[in-house]
Number of protein chains: 2
Amino acid sequence: MNKLSRIPTLEDIQETHESISRLIHRTPVLTCRSIDEMCGGARLFFKCENFQKAGAFKMRGAASALLRLLPEERRQGVATHSSGNHAQALARGALLLGIKAYIVMPENACYTKRKATEQYGAEIIACAPTLEARETTLQTIVERTGATFVHPYNDYNIIAGQATAAKELLDDTDALDAIIAPIGGGGLMSGTALAARYLSPKIRVYGAEPANVNDAWRSLRAGHILTNTTTDTIADGLRTNLGDKTFDILQRYIDDIFTVSEQNIVYAMRQVWERMKIIIEPSCAVPLAAVMQNTSVFTGKRVGIILSGGNVDLDNLPFGHYPAQDA
Amino acid sequence: MNKLSRIPTLEDIQETHESISRLIHRTPVLTCRSIDEMCGGARLFFKCENFQKAGAFKMRGAASALLRLLPEERRQGVATHSSGNHAQALARGALLLGIKAYIVMPENACYTKRKATEQYGAEIIACAPTLEARETTLQTIVERTGATFVHPYNDYNIIAGQATAAKELLDDTDALDAIIAPIGGGGLMSGTALAARYLSPKIRVYGAEPANVNDAWRSLRAGHILTNTTTDTIADGLRTNLGDKTFDILQRYIDDIFTVSEQNIVYAMRQVWERMKIIIEPSCAVPLAAVMQNTSVFTGKRVGIILSGGNVDLDNLPFGHYPAQDA
């Protein structure tokens, strides 16, 4: 596949899907009648990227980016900074393709995530837990090794990969009225919006974001990129800000963004754990929280929800902080 | 279907399976390569009864017993004592069949389990948290209402229902070398053993039990039923003792029982949560703990594991008490 230097087309997404299929799972689409009832009778179709290889949709984008490297780039390896799912996905994809991976990770990163990334054979470079330290350390690594920086979201190759989750969801369901995905840096949301617009032109495309890190919601209203001044959310995958490429796609292709409270994120997460018996991480519960907070928008509608990932730290679960409510 | 007054035959199990199919899910069989590797290269096939209706295999037995009631028995309702999965299953089955259900539950039962049982429309009768109080209260209810007592495990109708989980697992996999299930009162184990012996005569049939409540292990060695003197295990579904019917079937049809430590139960549960991203309850992790503790027995073997249920109290998870070990 060739590298993409413009917004991915339908053909790009289809080609990407075919190419990455040997590196990813085709994840199931699940339904849950009792959660439907809690959402005013919406019909929800959950695309289970929590069952994806390396535990999250990030595997799709990483595979897409890795498979587009030139032969000489492959030899020099790839690098990124991430403490989360992008790190694991890039490490796993690189391992399978015989490519060296350098991952810059804050020294306070969660033990299990660090360990998982190491088990995929990546070289971990610890840095101070600030964005500046991450970027400086990454820059040093790239200069020293010649590795290619694979951005976690602001990259058309990544976006084309993330788009394949929505493509599969739309292929596997009939006539959805709406589709909704979480927004962090906007890679998954951009891919979801593109696939949905291409494959189902009349579908409503929604994003969901924690109210505490509502940079995308504010950016779309302002017409330019605004950033978060706090990272105070349990949805640790959604603390990042948009990039210019993802902001551009979101501006063009999505209908609206819902913001949700921390309490409702944990409540939605609890419902999925208790009723569907599957593990999702807090970031992954944000779209369901949005549907639950806005049932009037979704009543009677067929709604696709991208469940983004299932990598959660079992030693630090949020349920105690937000006790069970009565439904 | 007629009531069963002898050990279920293959035909009984097949007839039961057909009859209960409208009240149960056909649950999936999942595999997990990384857990296989942790088990010395065994090939494990997980029968996911945690995804069963009402969250556990108990739905199968309850449906089997309810569908065998005579018309006059249906009119007078059913009763049982249980704080767990049997209560929820009987309540749900009764609701769907238009039968009144009386559930005697200790007053200290977990809030979410009580609530779930109530939501299925059952009448909950609270009693003191002792076996004696449960039995006396149940007796009073049965005398007052004429309801039929549905025993949670020591009943051939229940056993025929539980057997259908192993039947499906064997139908959906090729040539298993062994099958393993947890042992509490022995209903699931009895059904598993019968289905396995009928459908796959050469298969090895194993039970798994917490070492702290190893009544079945001791009973088989003694040749008569022994009881537990403590209920000190996190596997709350496995604290009960065998009944005469289940003991008889276990004596005849199973090869061996493995006992496992509390720490290994929680470790196995954590692996399933982290790697398979599915929720299982502690009792459900006991067979995997047994395989992990005895890898030499299972190396290179194709092993069916009945994952019995996924009803867990998210406010009281065990991971903090047994921190993550290095694999």
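Scoring rules and cut-offs
Residues numbered from 1 in each chain as written. Chains lettered and ligands numbered in written order. Predicted model: local features only at pLDDT ≥ 70, side-chain atom pairs only at ≥ 80, totals over all residues. Heavy atoms only, no water. Helix = DSSP H or I, 4+ residues; strand = E, 2+ residues; numbered from the N terminus. Expected span 1.5 Å × (residues − 1). Buried < 20%, exposed > 50% of the residue type's maximum accessible area, 1.4 Å probe, protein only. Polar contact = N/O pair within 3.5 Å; in protein donor to acceptor, adjacent residues only side chain to side chain. Pairing = 2+ DSSP bridges. Least-squares fit on C-alpha atoms with pLDDT ≥ 70 in both. Contact = heavy atoms within 4.5 Å. Domains from an automatic or database assignment. Buried area = accessible area lost by both parts, 1.4 Å probe. Salt bridge = Lys/Arg side-chain N within 4 Å of Asp/Glu carboxyl O. Axes fitted to C-alpha atoms, helices over the stretch in contact; angles between N-to-C directions. Nonpolar A, V, L, I, M, F, W, Y, C, P; charged D, E, K, R; others polar. Arc of directions from axis to C-beta. Parallel < 35°, antiparallel > 145°, perpendicular 65-115°, else oblique. Left-handed = near helix turned anticlockwise from the far one by under 90°.

Asker: In this structure, what is going on with helix 8 (residues 156-172) of chain A? I would like to understand it.
Answerer: Residues spaced three or four apart along an α-helix face the same direction, because each turn holds 3.6 residues. Residue and element names in this part refer to chain A. Between its terminal C-alpha atoms helix 8 stretches 25 Å, which fits the 24 Å expected from 17 residues at 1.5 Å a residue. Counting buried positions over the 17 residues of helix 8 gives 15, a clear majority of the element. The backbone nitrogen of Asn157 has a side-chain oxygen 2.7 Å away, supplied by the residue at the start of helix 8, namely Asp155.

Asker: It is not clear to me how the pairing of strand 10 (residues 302-307) of chain A should be interpreted in this structure. Could you clarify?
Answerer: Regular strands have side chains that alternate between both faces of the sheet. Residues and elements named next belong to chain A. With 5 of its 6 residues buried, strand 10 lies for the most part within the structure. Pairing between strand 2 (residues 43-48) and strand 10: 6 bridges, direction parallel. Across the sheet, residue Phe45 finds its bridge partner in strand 10, namely Gly304. Taken together, the 3 bridges between strand 7 (residues 178-182) and strand 10 define a ladder with parallel strand orientation. Residue pairing in the sheet places Ile180 in a bridge with Ile305 of strand 10.

Asker: Please clarify how the relation of the copies chain A and chain B should be interpreted in this entry.
Answerer: A rotation about some axis, followed by a shift along it, carries one copy of the chain onto the other. Overlay of chain A on chain B (RMSD 0.0 Å): rotation 180 degrees, translation along the axis 0.0 Å. In symmetry terms, the pair is related by a two-fold rotation axis. Relative to the rotation axis, the C-alpha of Ile278 of chain A is the closest in chain A, positioned 2.1 Å from it. Both copies present the same face, since 95% of the interface residues in chain A are matched by interface residues at the equivalent positions in chain B.

Asker: Is there a simple way to explain the domain arrangement of chain A in this structure?
Answerer: Note: interface size is frequently given as the accessible area lost on complex formation between the parts. Residue and element names in this part refer to chain A. Domain boundaries in chain A define domain 1 (18-56 + 155-321) and domain 2 (58-149). Measuring from the centre of the C-alpha atoms in domain 1 to the corresponding centre in domain 2 gives 24 Å. On the side of domain 2, 20 residues touch domain 1, which itself brings 25 residues to the contact. Overall, the association of domain 1 and domain 2 removes approximately 1,800 Å² of surface from exposure, summing both partners, and the carbon and sulfur fraction of that is 58%. Counting the surface domain 1 buries against domain 2, the share from its top three residues, Leu23, Ala54 and Asn157, is 31%. For the interface between domain 1 and domain 2, the tally reads 3 salt bridges. For Arg60, the salt bridge identified is with Glu49, shortest N-O distance 2.7 Å. The interface formed by domain 1 and domain 2 contains 10 residue pairs in polar contact (both at pLDDT 80 or more).

Asker: Is there a simple way to explain unusual backbone geometry in this structure?
Answerer: Trans is the prevailing form of peptide bonds, just as negative phi is the prevailing case for residues other than glycine. All names here are of chain A. Backbone geometry at Ala54 places phi at a positive 65 degrees, although glycine is not the residue there. In this structure, Ala54 sits in the loop between strand 2 and helix 3 (58-67). Of note, Ala175 is a non-glycine position whose phi angle comes to about 45 degrees, a positive value. Structurally, Ala175 is set in the loop between helix 8 and strand 7. On the accessibility criterion, Ala175 (63% relative accessible area) is exposed.

Asker: Can you walk me through the sheet that holds strand 5 (residues 123-127) of chain B in this structure?
Answerer: As a general point, the strands of a sheet are linked pairwise by backbone hydrogen bonds and lie either parallel or antiparallel. Residue and element names in this part refer to chain B. Across the sheet, which stays open at both edges, the 4 strands sit in the order 5-4-3-6 with parallel pairing between neighbours. Strand pairing shows two members of the sheet lacking a second neighbour, strand 5 and strand 6 (148-149), which therefore form its edges. Where strand 4 (residues 101-106) lies against strand 5, 5 bridges are found, and the strand directions are parallel. Residue Val104 lies in a different strand from strand 5, and its bridge partner there is Ile125. Contacts between helix 7 (residues 131-145) and the sheet are confined to strand 3 (78-81), strand 4, strand 5 and strand 6, with strand 3 contributing the most and set at about 170 degrees to the helix.

Asker: I'm lost on the interface of chain A and chain B in this one. Help?
Answerer: Counting from both sides, the interface comprises 22 residues of chain A and, opposite them, 22 residues of chain B. Three residues, Lys277, Ile279 and Leu314 of chain A, lead the burial of chain A against chain B; their summed loss comes to 34% of the area buried on that side. One can count 2 salt bridges joining chain A with chain B. The salt bridge involving Arg270 of chain A is made with Asp315 of chain B; its shortest N-O contact spans 2.7 Å. When residues in the side of chain A that touches chain B are grouped by element, the largest group, 4 residues, is from helix 12 (residues 262-276) of chain A. The residue inventory of the side of chain A that touches chain B, partitioned by class, reads 10 nonpolar, 5 polar and 7 charged.

Asker: Any chance you could explain helix 11 (residues 244-253) of chain A here in plain terms?
Answerer: Residues and elements named next belong to chain A. Within the sequence span of helix 11, burial applies to Thr246, Phe247, Ile249 and Leu250. Burial along helix 11 is one-sided: seen end-on, the buried residues are contained in an arc of 165 degrees. Residues Asp244 and Arg252 are exposed on helix 11 and point more than 90 degrees away from its buried face. If you follow the buried residues of helix 11, they end up packed against helix 8, helix 9 (187-199) and helix 10 (215-222).

Asker: Quick question: what am I supposed to make of the packing of helix 5 (residues 85-97) of chain B against helix 6 (residues 111-119) of chain B here?
Answerer: Relative placement of two packed helices is described by the angle separating their axes and the distance separating the axes. Residues and elements named next belong to chain B. Contact geometry of helix 5 with helix 6 gives a least axis separation of 8 Å together with a crossing angle of 15 degrees. The angle between the axes of helix 5 and helix 6 places the two elements in the roughly parallel class. Like other packed secondary-structure pairs, helix 5 and helix 6 cross with a definite hand, here left-handed. On helix 6, the residues that touch Asn85, Ala87, Gln88 and Ala91 of helix 5 are Lys113, Ala116 and Thr117. Of the residues contributing to the contact of helix 5 with helix 6, the split by class is 3 nonpolar, 3 polar and 1 charged.

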